[in-house]
Amino acid sequence: MSAWVWLIAALLLPLQWICVRLSGIHPPPLWEVVGAGLAIFGAAFVLSWAAEVAQMDIPQALALAFLALIAVLPEYAVDIYFAWSAGKDPAYTAYATANMTGANRLLIGVGWAAVVVTFWLKTRQRRVHLERARSVELLYLTVATAYSFVIPLRGTLSVIDTVILVAIFISYMISVSRAHVVEPELQGGPGELLMRLRPAGRRLATIMMFAYAGFAIYLSAEPFAEGLLATGRRFGIEEFLLVQWLAPLASESPEFIVAIVFVLRGNPGASMGTLISSKVNQWTLLIGMLPAAYSLSAGHLGAMHLDSRQAEEIFLTAAQSLFAIAVLANLSFSLAEAGIIFALFATQLFFTDPVFRYAYGIVYIALAATWLIASRSSRQGLVTMFTERRSRNPAVASREK
């Protein structure tokens, strides 16, 4: 019964906004944010359940690539809208980078930490252990993070970044498929309810859910984004901060809830694995798609020029990612480590001066270096990630033979 309640509730959230848009009603900006945000929230749940069921009907490698895209589709829709708008009005570049950096920092600072805290509250165990297979995600997150430090140094996001970051993402998906890593399946809930249908009915339901959620997100992305900007201007709130933190909350929160459900059902490793995979997707494909959307909108190949604020935010986000990699290199995550990550994330919100953004970035980098120097298991884990990748490479293996 509860599965039906969840499914109906998730379907109704986008429906209210679809009716508003198709009726031609134009509510005030604040109500646009609420209505469109709820639609994105509900659509994200519908997408996650549809993607879960789709694994039964498509090949494993294709399922992995498909799921990686679906998991962050709501976040992509809002951010790509800002990048597309930047092709017409360069002022929107700031909002594209704000949404992207906010989503990435929120994912680590709140999402990763919440998994360990929830696990501790449930079991009183202070550490979550990850499967060895998760070293694949960490490896590609390391590569993407190392490259991301180049972006603020250049001061632009261009099609060069698109080519490199999308190539990293494709390589990541190929490696994941070869390692036979699959997204964990939810036990119970609407996904299992749909899996009980006959094949034809299940496939039809899956297609309809994808189409319904996609249509809702399409109708919601622009009014949600523009409503945020208008609301900020009306109430004297900095638009950059609203886009950076409120927009990702709407698109990321369903994923956080699903991750918490994994923990409550006794599978914290799967929960952390899902969020790490999402971080890889956002730090490669999402960033890479921004210059592509910008260039398509502008009608020519161009670069999104970053001002000092945007460069600082990307530097800080890359530094946070580097520290998170150092912490997880030994494939475990403790309550104390989660506390440090959350404390650094939360306290930086109170300081908006550029000096503090650089200061926090340097602190993250210094902590990452200290962590790897002091922790032998973290050093070994980092080395193992690269050596295992090399041993799995068929070309390298054939040469060694």
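Everything discussed here concerns the structure shown above.
Described below are features of the structure shown in this document. This structure is a prediction, so every number in the text was calculated from the model and none was measured.

The rules behind each value
- Residues numbered from 1 in each chain as written.
- Predicted model: local features only at pLDDT ≥ 70, side-chain atom pairs only at ≥ 80, totals over all residues.
- Heavy atoms only, no water.
- Helix = DSSP H or I, 4+ residues; strand = E, 2+ residues; numbered from the N terminus.
- Buried < 20%, exposed > 50% of the residue type's maximum accessible area, 1.4 Å probe, protein only.
- Contact = heavy atoms within 4.5 Å.
- Phe/Tyr/Trp six-rings, centres within 6.5 Å; stacked < 30°, edge-to-face > 60°.
- Lys NZ or Arg CZ within 6 Å of the ring centre and 35° of its normal.
- Core = buried A, V, L, I, M, F, W, Y, C linked by side-chain atoms within 4.5 Å.
- Salt bridge = Lys/Arg side-chain N within 4 Å of Asp/Glu carboxyl O.
- Axes fitted to C-alpha atoms, helices over the stretch in contact; angles between N-to-C directions.
- Parallel < 35°, antiparallel > 145°, perpendicular 65-115°, else oblique.
- Left-handed = near helix turned anticlockwise from the far one by under 90°.
- Expected span 1.5 Å × (residues − 1).

### Some remarks on the overall build of the protein
Thought 1: Within the protein, the regular secondary structure consists of 17 helices and four strands.
Thought 2: Evaluated residue by residue, the protein yields a buried proportion of 55% over its 401 residues.
Thought 3: Sequence-distant contacts in the protein: of pairs separated by 6 or more residues, those separated by 24 or more amount to 82%.

### A look at the packing of aromatic side chains
Thought 1: This model, assessed by the stated rule, comprises 16 aromatic pairs.
Thought 2: The interplanar angle of 80° and the centroid separation of 5.3 Å between the aromatic rings of Phe41 and Phe45 together place this pair among those described as edge-to-face. Here Phe41 pairs with Phe45, and both are found in helix α2 (residues 29–54), just four residues apart, close to one helical turn.
Thought 3: Consider the rings of Phe351 and Tyr360, whose centres lie 6.4 Å apart with planes at 35°: the pair is tilted.
Thought 4: Residue Phe351 is classed as partly exposed on the basis of its relative accessible area, which comes to 37%.
Thought 5: Joined through ring pairs, the aromatic side chains of Trp6, Phe41, Phe45 and Trp49 make up one cluster.
Thought 6: Between Arg124 and the ring centre of Trp120, over which it is positioned, the NZ or CZ distance is 4.5 Å.
Thought 7: Residue placement shows Lys279 over the ring face of Trp283; its charged tip is 4.4 Å from the ring centre.

### Re the nonpolar core
Thought 1: Judged by nonpolar contacts, the single largest core of 116 residues is most densely connected at Phe82, Trp112, Phe224, Met272 and Phe333.
Thought 2: By residue number, the principal contributor to this core is helix α5 (residues 92–123), which donates 14 residues.
Thought 3: Not counting residues up to four positions away in its chain, the partners in contact with Phe224 are Val33, Ala36, Gly37, Ile40, Val78, Leu246, Ala247 and Ala250.

### Thoughts on the environment of Trp4
Thought 1: Considering the arrangement of structural elements, one finds Trp4 in helix α1 (residues 2–22).
Thought 2: Distance in space between the C-alpha atoms of Trp4 and Gly189 is 8.1 Å, their sequence separation being 185 residues.

### A closer look at the pattern of salt bridges
Thought 1: Scanning the model with the defined rule gives eight salt bridges in all.
Thought 2: As a salt-bridge pair, Arg309 and Glu313 come within 3.2 Å of each other at their nearest N and O atoms. With Arg309 and Glu313 both in helix α13 (residues 308–328) and four residues apart, the pair spans about one turn of that helix.
Thought 3: Owing to a relative accessible area of 17%, Arg309 belongs among the buried residues under this scheme.
Thought 4: Under the relative-accessibility criterion, Glu313 is labelled buried at 3%.
Thought 5: One salt-bridge network, held together by shared partners, links Arg105, Glu238, Arg309, Glu312, Glu313 and Arg357.

### Considering the packing of helix α4 (residues 73–86) against helix α10 (residues 199–235)
Thought 1: Close contact between α4 and α10 brings their axes to 9 Å; oriented N to C, the two are set at 55°. By the angle class used here, α4 and α10 are oblique. For α4 against α10, the interelement crossing comes out right-handed. For the pair formed by α4 and α10, the contact residues are Leu73, Pro74, Ala77, Val78, Tyr81 and Phe82 on the first element and Ile217, Ala221, Glu222, Phe224, Ala225, Glu226 and Leu229 on the second.

### Re the side chain of Ser297
Thought 1: Along the chain, the position of Ser297 falls in helix α12 (residues 268–298).
Thought 2: The class of Ser297 is buried, set by a relative accessible area of 4%.
Thought 3: With near-sequence residues (within four places) excluded, Ser297 lies in contact with Trp84, Gly87 and Lys88.

### Digging into α2
Thought 1: For α2, which comprises 26 residues, the first-to-last C-alpha distance of 36 Å matches the rise-based estimate of 38 Å (1.5 Å per residue) to within 8%.
Thought 2: Of all 26 residues that make up α2, 19 are buried, and the element is covered over most of its length.

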